[in-house]
Amino acid sequence: MNRRPKSEGRRPKEGRRSKSEWDASGEAPANGVMVLREGDSGYGPAPRPLGERTAQFGEGILRFVKKVPASPANNRLIQQLVGAGTSVGANYCEADDAISGKEFKQKICLCRKESKESMFFLRMIATAEESLAAEARVLWREAKELNLIFGAIWRK
């Protein structure tokens, strides 16, 4: 078998650009000048800290349940959703202050469970009050993303 050396398939060194000359999209700039701006990673908005994100999720849940009309069925769903939705952030605060790795993992697992429970009760409220389904869907997606994040943290 005739094998070519690796260098044959590559451009000559003078024809290549260093990675620092490439822009955020992975393409080399046309004029050879790369412009960097503070806060502009080229990948959308910077991620929010997880503690802030869980607090905003709890706040969103509280604002949402104020729009749900009172009825015997809805009242129980509201109580459950408020409990689960605000517990995500509370358990994350506890995980953040955990003393041991075992305690951290346990609290992250609780965050994951509470976000999953929030997803369930958001679904139930969307079924009970179809006029609020679109807003419930937005919160459901955030609960799902948090669930995936906590699941990834828990597995590491």
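Just so we're clear, the structure is a prediction, and the values are computed from it rather than from any experiment. (Residues numbered from 1 in each chain as written. Predicted model: local features only at pLDDT ≥ 70, side-chain atom pairs only at ≥ 80, totals over all residues. Heavy atoms only, no water.)

Trainee: Even after reading the chapter, I still don't get the confidence of the model for the protein, so can you show me in this structure?
Mentor: Interpretation of this model should avoid reading the predicted coordinates in detail wherever pLDDT is low. Looking at the protein, the pLDDT average stands at 82 and 71% of residues meet or exceed 70. Per-residue pLDDT stays below 50 along residues 16–29; that stretch engages in 20 contacts with residues further than four places along the chain or on separate chains. (pLDDT = per-residue confidence, 0-100. Contact = heavy atoms within 4.5 Å.)

Trainee: Help me understand the nonpolar core in this model?
Mentor: Side chains of a nonpolar character, in soluble globular proteins, are inclined to be buried together. One finds F57, I61, F64, L81, L122 and F150 to be the most contacted residues of the largest nonpolar core, which totals 26 residues. When contributions to this core are tallied by element, the ones reaching two or more residues are α1 (50–65), α2 (72–96), α3 (101–128) and α4 (133–155). It is α3 that provides the largest number of residues to this core, a total of seven residues. (Core = buried A, V, L, I, M, F, W, Y, C linked by side-chain atoms within 4.5 Å. Buried < 20%, exposed > 50% of the residue type's maximum accessible area, 1.4 Å probe, protein only. Helix = DSSP H or I, 4+ residues; strand = E, 2+ residues; numbered from the N terminus.)

Trainee: What is the right way to read the pattern of salt bridges from this model?
Mentor: Any two side chains of opposite charge can pair if their charged atoms end up close together. Following the criterion strictly, the structure yields five salt bridges and no others. Between E135 and K67 there is a salt bridge, and its shortest N-O distance comes to 3.0 Å. With a gap of 68 residues between them, E135 in helix α4 and K67 in the loop between α1 and α2 connect regions that are remote in the sequence. Take E135: its relative accessible area is 28%, and that puts it in the partly exposed class. The partly exposed category is assigned to K67, whose relative accessible area is 47%. Salt bridges linked by common partners bring R48, R53, E142 and E145 together as one network. (Salt bridge = Lys/Arg side-chain N within 4 Å of Asp/Glu carboxyl O.)

Trainee: I tried to follow the packing of α1 against α2 on my own but got confused; where do I start?
Mentor: The axes of two packed helices give the description: the angle between them and the distance between them. In contact at an axis separation of 8 Å, α1 and α2 are set at 165° when each is read in the N-to-C sense. Considering their axes alone, α1 and α2 lie roughly antiparallel with respect to each other. Handedness of the crossing formed by α1 with α2: left-handed. Across the interface between the two elements, L50, G51, T54, F57, G58, I61, L62, F64 and V65 of α1 pack against I78, L81, V82, G85, T86, V88, G89 and Y92 of α2. Tallied by class, residues from the contact of α1 with α2 come to eleven nonpolar, six polar and no charged. (Axes fitted to C-alpha atoms, helices over the stretch in contact; angles between N-to-C directions. Parallel < 35°, antiparallel > 145°, perpendicular 65-115°, else oblique. Left-handed = near helix turned anticlockwise from the far one by under 90°. Nonpolar A, V, L, I, M, F, W, Y, C, P; charged D, E, K, R; others polar.)

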